[in-house]
Amino acid sequence: LAKTTQPISMDSYEGQEVNITCSHNNIATNDYITWYQQFPSQGPRFIIQGYKTKVTNEVASLFIPADRKSSTLSLPRVSLSDTAVYYCLVGDPLGNQGGKLIFGQGTELSVKP
Amino acid sequence: GAGVSQSPSNKVTEKGKDVELRCDPISGHTALYWYRQSLGQGLEFLIYFQGNSAPDKSGLPSDRFSAERTGGSVSTLTIQRTQQEDSAVYLCASSILRGLSYEQYFGPGTRLTVT
């Protein structure tokens, strides 16, 4: 399974756009990139998933360059409630790993007023 | 609809005792996962069940850990002869394949404290 590297922590202010970049240099052809969000004392929550180029939903955007060796989660106009740990995961949802995902250390985002 | 539920929410046990943690996945979800998370750490994969296939036990830290999934639904994680290093939050997740997405839905976790 591809290993991911992301910053341990980031600080931001309310209303700003936050971009969290994840490196996954040995991503495999069939791997997808998924981001999860975790608040204290809760289980992680799915945010967004993509394979290449750009994916956007009501919560975030995911930018994936052509070589797929990195990805960037973009949170528009963050609020205090976006303070959480964000995990980048890489895995093959259809392979014999069957969707098993390996969570790294995550990025602790702190949004200040 | 109902999400993933776990019980108990908190468990305090003495070193050396056995504990059982329960997970009720979302109805119809074919895949079920157990993770644990130590204080301030990321999630550590433990075991994975998919349909009727043999479980992937590659993440279990020792033979004191075991898990079963009955009838393709409820799962129990058993830790025998608990040690203090077993103290952590144990998270269960379930998922179903929709298109190319295995989005995992997590339960609230069981906080295990071994004294």
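Residues numbered from 1 in each chain as written. Chains lettered and ligands numbered in written order. Predicted model: local features only at pLDDT ≥ 70, side-chain atom pairs only at ≥ 80, totals over all residues. Heavy atoms only, no water.

Peer 1: How do you make sense of the overall build of chain A when you look at a structure like this?
Peer 2: Looking only at helices and strands, one finds zero helices and nine strands in chain A. The N-to-C order of helical and strand elements in chain A reads β-β-β-β-β-β-β-β-β. Its C-alpha atoms give chain A a radius of gyration of 14 Å, within 12% of the compact-globule value 13 Å for 113 residues. Structurally, chain A occupies a C-alpha span of about 45 × 30 × 25 Å along its principal axes. Within the span of chain A, comprising 113 residues, buried residues form 48% of the whole. Pairs at least 24 apart in sequence give 56% of the contacts found in chain A among residues at least 6 apart. A total of about 5,600 Å² of accessible surface is found on chain A, and carbon and sulfur atoms cover 50% of it. For chain A, the centre of its 9 positive side-chain charges and the centre of its 9 negative side-chain charges are spaced 6 Å apart. (Helix = DSSP H or I, 4+ residues; strand = E, 2+ residues; numbered from the N terminus. Rg over C-alpha atoms; globule rule 2.2 N^0.38 Å. Buried < 20%, exposed > 50% of the residue type's maximum accessible area, 1.4 Å probe, protein only. Contact = heavy atoms within 4.5 Å. Areas by Shrake-Rupley, 256 points an atom, 1.4 Å probe, with all protein chains shown as cover. Lys, Arg positive; Asp, Glu negative; His and termini not counted. Charge placed at Lys NZ, Arg CZ, Asp CG, Glu CD.)

Peer 1: Explanation requested: the state of the cysteines in the structure shown.
Peer 2: Defined simply, a disulfide is a covalent bond joining two cysteines at their sulfur atoms. If you walk through the whole model with that rule in mind, you get two disulfides over all chains. Each sulfur of the disulfide joining Cys 22 of chain A and Cys 88 of chain A lies 2.2 Å from the other. Across the S-S bond linking Cys 22 of chain A and Cys 88 of chain A, the dihedral sits near -80 degrees, which makes this disulfide left-handed. You can see Cys 22 of chain A sitting in strand S2 (residues 18-23) and its partner Cys 88 of chain A sitting in strand S8 (residues 84-91), a full 66 residues away along the chain. On the accessibility criterion, Cys 22 of chain A (0% relative accessible area) is buried. A residue is classified by how much of its surface remains accessible, and Cys 88 of chain A, at 0% relative accessible area, is buried. What pairs with Cys 23 of chain B in a disulfide is Cys 92 of chain B, and their sulfur atoms sit 1.8 Å apart. Measuring handedness by torsion sign, the sulfur bridge of Cys 23 of chain B and Cys 92 of chain B sits at about -65 degrees and is left-handed. Taken together, the positions of Cys 23 of chain B in strand S3 (residues 19-24) and Cys 92 of chain B in strand S8 (residues 88-95) put the pair 69 residues apart, joining distant regions of the chain. Across the pair, Cys 92 of chain B and Cys 23 of chain B agree in class, each one buried. (Disulfide = S-S within 2.5 Å.)

Peer 1: How should I be thinking about unusual backbone geometry in this particular structure?
Peer 2: In most cases, non-glycine residues show a negative phi, while peptide bonds are predominantly trans. Between Ser 7 of chain B and the following residue, Pro 8 of chain B, the backbone shows a cis peptide bond with an omega angle of -10 degrees. Structurally, Pro 8 of chain B is set in the loop between strand S1 (5-7) and strand S2 (10-13). Unusually for a residue other than glycine, Ser 41 of chain A sits at a positive phi of about 65 degrees. Considering the arrangement of structural elements, one finds Ser 41 of chain A in the loop between strand S3 (32-38) and strand S4 (45-50).

Peer 1: Is there a simple way to think about the sheet that holds S3 of chain A in this case?
Peer 2: Either a parallel or an antiparallel arrangement is found when strands of a sheet pair, and the pairing is made through backbone hydrogen bonds. All names here are of chain A. The sheet built from five strands is open, its strands ordered S1-S9-S8-S3-S4 with mixed pairing. Only two strands of the sheet have a single partner each, and these edge strands are strand S1 (9-13) and S4. Taking each pair of neighbouring strands and ignoring which way they run, the sheet shows an average axis angle of 25 degrees. With three bridges connecting them, S8 and strand S9 (residues 107-112) associate as antiparallel partners. From the neighbouring strand, Ala 84 faces S9, where its bridge partner is Leu 109. (Pairing = 2+ DSSP bridges. Axes fitted to C-alpha atoms, helices over the stretch in contact; angles between N-to-C directions.)

Peer 1: Could you clarify how one ought to interpret the sheet that holds S2 of chain A in this entry?
Peer 2: Residue and element names in this part refer to chain A. What the four strands build is an open sheet, ordered S2-S7-S6-S5; its pairing is antiparallel. Both edges of this open sheet fall to S2 and strand S5 (53-56), since each of them pairs with a single strand only. Direction aside, the axes of adjacent strands within the sheet are offset by 15 degrees on average. Two strands pair when backbone bridges link them, and strand S6 (residues 61-64) and strand S7 (residues 70-75) are joined in this way by three bridges, in the antiparallel orientation. Its bridge partner lying in S7, Leu 62 is registered against Leu 73.

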